[in-house]
Amino acid sequence: MTDARTRGRFITVEGIEGVGKSTHIRRLAALLEHAGHAVDVTREPGGTPTAEAIRELLIEHGEEPMPEAAELLLVFASRALHVANRIRPALDSGVWVISDRFVDASRAYQGGGRGLPDDAIESLAEFALDGVKPDLTLLLDAPPEVGLARAGRRGAKDRFESEALEFFARVRQRYLDLAAAEPERFIVIDASGTLDVVEKAVESAGQHILKHFK
Ligand code: TMP
């Protein structure tokens, strides 16, 4: 076990499609690296070869229907691989990890969006993640109309992007509820503004992270 001072910090970035997570994660990583930290940027579902293979199963339109229970279990199978083979080893060696989505995405999409029971999600988190939890979570928040319009410009829609607006309204609401329930872990950023404005907000969140986790 690495002691608390040398262990890396685990930061997750969440939000519905089209809120600009990838762009802002790159900026945040650059800021943390500039301050002298080694940073590993990763994503879910995915982040290891097998977890990326599971990602394809999850987001592509497959040949058979995807039961909601199978979706939840696949998401957690990929996350168990990600934690064991990438996130935990990085944190233990002092590397900071920024993940584009983590367990809150299951709470929001499978719990809020699909309506699956919270206790099933929390049991899987407890069972599969070896106690790994984010130190801090940035929630990029925007109304689904705004996010989906942006995401729609990226071409063919995957299995999640094909969901109705109401699905994303439920996902967004669950994210906001999670943030309200754990204000010390979440920073909520209004991502509906121009890129410049959101970038400034992400930068000040980055400064806060550096100060807080020195
Ligand atoms: P994205 O990374 O391109 O946003 O696509 C991943 C999709 O997977 C996104 O629509 C959200 C979904 N997802 C879940 O439903 N549950 C999860 O736990 C995670 C990590 C992602």
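This text goes with the structure placed above it.
Below is a summary of the structure that appears in this document. Computed from a predicted model, the values in this text were never measured in an experiment. (Residues numbered from 1 in each chain as written. Predicted model: local features only at pLDDT ≥ 70, side-chain atom pairs only at ≥ 80, totals over all residues. Heavy atoms only, no water.)

### Thoughts on the sheet that holds strand β5 (residues 186–190)
In step 1: Judged by pairing direction, the sheet is parallel, and its five strands sit side by side in the order β2-β3-β1-β4-β5 without closing on themselves. Looking at which strands have only one partner, the edges of the open sheet turn out to be β2 (39–43) and β5. When the angles between neighbouring strand axes are averaged without regard to direction, this sheet yields 20°.
In step 2: Here four bridges tie strand β1 (residues 10–14) to strand β4 (residues 136–141), and the two strands are oriented parallel to one another. The residue bridging Glu 14 from the neighbouring strand is Leu 139, located in β4.
In step 3: Strands β1, β4 and β5 of the sheet are contacted by helix α4 (residues 103–113), whose axis makes an angle of about 25° with β1. (Pairing = 2+ DSSP bridges. Helix = DSSP H or I, 4+ residues; strand = E, 2+ residues; numbered from the N terminus. Axes fitted to C-alpha atoms, helices over the stretch in contact; angles between N-to-C directions. Contact = heavy atoms within 4.5 Å.)

### Side note on the pairing of strand β3 (residues 96–100)
In step 1: Counting buried positions along β3 gives five out of five residues, so the element sits mostly inside the fold.
In step 2: Of the two faces of β3, the one lined by Trp 96, Ile 98 and Asp 100 and the one lined by Val 97 and Ser 99 are each fully buried.
In step 3: In the sheet, β1 pairs with β3 via four bridges, with the strands oriented parallel. In the sheet register, Ile 11 faces β3, and the bridge partner there is Ile 98.
In step 4: The sheet contact formed by β2 and β3 spans five bridges and is parallel. In the sheet register, Val 39 faces β3, and the bridge partner there is Trp 96. (Buried < 20%, exposed > 50% of the residue type's maximum accessible area, 1.4 Å probe, protein only.)

### Focus on the nonpolar core
In step 1: Ranked by size, the top nonpolar core spans 42 residues in total, and within it Leu 32 and Tyr 109 carry the most contacts.
In step 2: If sequence neighbours within four positions are ignored, Leu 32 has contacts with Ile 11, His 37, Val 39, Trp 96, Ile 98, Gly 206, Ile 209 and Leu 210.
In step 3: Core analysis: the next-biggest nonpolar cluster, separate from the first, contains 17 residues, Phe 10, Val 95, Val 103 and Leu 124 among them. (Core = buried A, V, L, I, M, F, W, Y, C linked by side-chain atoms within 4.5 Å.)

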